[in-house]
Amino acid sequence: MTARLDLGADDAVVPGAGDLCEGPQWDERTHRLVWVDILRGRVHEADVAGGNHVVHELGVPVGSVAPRRRGGWVAAVERGFQLFDEQWRPQGPLVPAPGQRRGTRFNDGGCDPEGRFWAGTLAYDESPRQGALYRLEADGTCSEVLTEVTNSNGLGWSADGTTFYYVDTGRGTLDVMTYDRRTGAVADRRTLVTVPEKDGLPDGLTVDLDGHLWLALWGGGCVRRYSPDGELELVVTLPVTNVTSVAFGGPDLTDLFVTTARQGVDAAQRRSEPLGGSLFRCRPGVTGRPRAAFAG
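What you are looking at is a predicted structure, and each value in this text was computed from that prediction instead of being measured.

Reading guide: rules and limits
- Residues numbered from 1 in each chain as written.
- Predicted model: local features only at pLDDT ≥ 70, side-chain atom pairs only at ≥ 80, totals over all residues.
- Heavy atoms only, no water.
- Helix = DSSP H or I, 4+ residues; strand = E, 2+ residues; numbered from the N terminus.
- Rg over C-alpha atoms; globule rule 2.2 N^0.38 Å.
- Buried < 20%, exposed > 50% of the residue type's maximum accessible area, 1.4 Å probe, protein only.
- Contact = heavy atoms within 4.5 Å.
- Areas by Shrake-Rupley, 256 points an atom, 1.4 Å probe, with all protein chains shown as cover.
- Lys, Arg positive; Asp, Glu negative; His and termini not counted.
- Charge placed at Lys NZ, Arg CZ, Asp CG, Glu CD.
- Pairing = 2+ DSSP bridges.
- Axes fitted to C-alpha atoms, helices over the stretch in contact; angles between N-to-C directions.
- Core = buried A, V, L, I, M, F, W, Y, C linked by side-chain atoms within 4.5 Å.
- 1 Å grid on protein atoms, 1.4 Å probe; cavity = no way out; pocket = protein on both sides within 12 Å on 5 of 7 lines; lining within 4 Å.
- Points joined across faces, edges and corners; volume = space filled by probe spheres on them.
- Nonpolar A, V, L, I, M, F, W, Y, C, P; charged D, E, K, R; others polar.

**Some details on the overall build of the protein chain**
The secondary structure content of the protein chain amounts to one helix and 25 strands. Rg of the C-alpha trace for the protein chain: 17 Å, near the compact-globule value of 19 Å for 296 residues, within the 12% margin. Dimensions along the principal axes, computed over C-alpha positions, put the protein chain at roughly 45 × 40 × 40 Å. Across the 296 residues in the protein chain, those meeting the buried criterion constitute 57%. Of the contacts made within the protein chain by residues no fewer than 6 positions apart, 46% connect residues no fewer than 24 positions apart. In the form shown here, the protein chain has an accessible surface area of approximately 12200 Å², with 46% of it arising from carbon and sulfur atoms. Distance between charge centres in the protein chain, computed from 31 positive and 40 negative side chains, equals 3 Å.

This is the structure in structure tokens:
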């Protein structure tokens, strides 16, 4: 039987943080949680223990961010990749994504075990197969990895770095591929999990210390934990319909943080879901893995 964990208002650690909150990750350097509000072009940093919450205005839509090994940050912004210092001031020119189509923007992303930054795109008007998945190398070289993507979303790697997990929300699937740590190449794509449309749309994901997959469901009001073989093990429900992404954090990486959105719902639903756009936290008795930093 699939286990269930229900979250409520008391589990919202930053209520009403934004419209389209995404991409949470624990910053090991500062012991703060960082996430983005995509269309507002904002990066949030919060001391979830002490309550301090800071918002940085980037002035451009931002899909995802990751820390850099040398200090500062890398971000997938609307039309490419941008480096930032610790105070979120731009460093150097924008790195454009080759072949990025008009009318698209960057979305979710993250770093592989070797320190490459991966992020993908989607069309503003949600047209199918207009997006792509890109890989940014430490030297600033950017390559297109997957084409004809509809909504590039959550991604992650197995602990040994040989398996790549990837969500194209437009397909409604969580796919798995072999991954070459030396070259960054992926191959042999197959579907591990198909989410029925009535259950919601697969969005952001993370991989825990045991290699199990945590998948947020947009429109599904929950997070699901799957085994490496794709078996559903746990459902974490939230009082919000649009659940966007997940990340482990806290001193021992035992806190599961969940971002949500109030975008995409009508006025009546917003009134019935006052916690839309909040950051939630739960402790499911599982430990996460530290996220890799960008090598550039």
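**Considering the sheet that holds strand S6 (residues 53-57)**
What the four strands build is an open sheet, ordered S3-S4-S5-S6; its pairing is antiparallel. Since the sheet does not close on itself, it has two edges, and those belong to strand S3 (21-27) and S6, each with one partner. The average undirected angle you get between the axes of adjacent strands in this sheet is 20°.

**Side note on the sheet that holds strand S11 (residues 104-111)**
Ordered by their spatial adjacency, four strands build an open sheet running S11-S12-S13-S14, and the pairing between neighbours is antiparallel. Across the chains shown, the open sheet's two edge strands, defined by having one partner strand only, are S11 and strand S14 (142-149). Averaged over all adjacent pairs, the angle separating strand axes in this sheet is 20°, with direction ignored. By the bridge criterion, five bridges tie strand S13 (residues 131-136) to S14 in an arrangement that is antiparallel. What sits directly across from Leu133, in S14, is Leu146.

**Side note on the nonpolar core**
In terms of nonpolar packing, the biggest core is built from 18 residues, with Trp214, Val223, Val236, Leu238, Leu256, Val258 and Phe280 touching the most fellow members. At the level of elements, strand S20 (213-218), strand S22 (232-237), strand S23 (242-249), strand S24 (255-261) and strand S25 (279-282) are the ones that each hand at least two residues to this core. For this core, the element with the most residues is S23, which contributes three residues. One finds Tyr165, Val193, Leu217 and Val235 within the second-largest nonpolar core, a separate group that totals 15 residues.

**Considering the layout of surface pockets**
Of the pockets and cavities examined, the largest pocket occupies roughly 630 Å³. Forming the walls of the largest pocket are 27 residues, and the residues nearest its centre are Leu122, Glu126, Asn151, Thr169 and Trp218. Of all the elements in the fold, those that place two or more residues in the lining of the largest pocket are S11, strand S12 (117-123) and strand S19 (201-207). Among the elements that line the lining of the largest pocket, the one with the most residues is S19, at three residues. Of the residues that constitute the lining of the largest pocket, the class distribution is ten nonpolar, eleven polar and six charged. One number sums up the size of the second largest pocket: a volume of about 370 Å³. In terms of lining residues, the second largest pocket is bounded by 26 residues, among which Cys111, Leu155, Gly156, Trp157 and Arg291 are the most central. Of all elements in the fold, only S3, strand S7 (62-67), S11, strand S15 (152-157), S19 and S23 reach the threshold of two or more residues within the lining of the second largest pocket.

**Examining empty space enclosed by the protein**
Considering all chains together, one arrives at one cavity of 30 Å³ or more under this definition. Put simply, the largest cavity is a space of about 60 Å³. Together, Trp26, Glu28, Thr206, Ala247, Phe248, Leu253, Arg289, Pro290 and Arg291 line the largest cavity. Of the residues belonging to the lining of the largest cavity, the class tally is five nonpolar, one polar and three charged.

These figures capture arrangement, not role.
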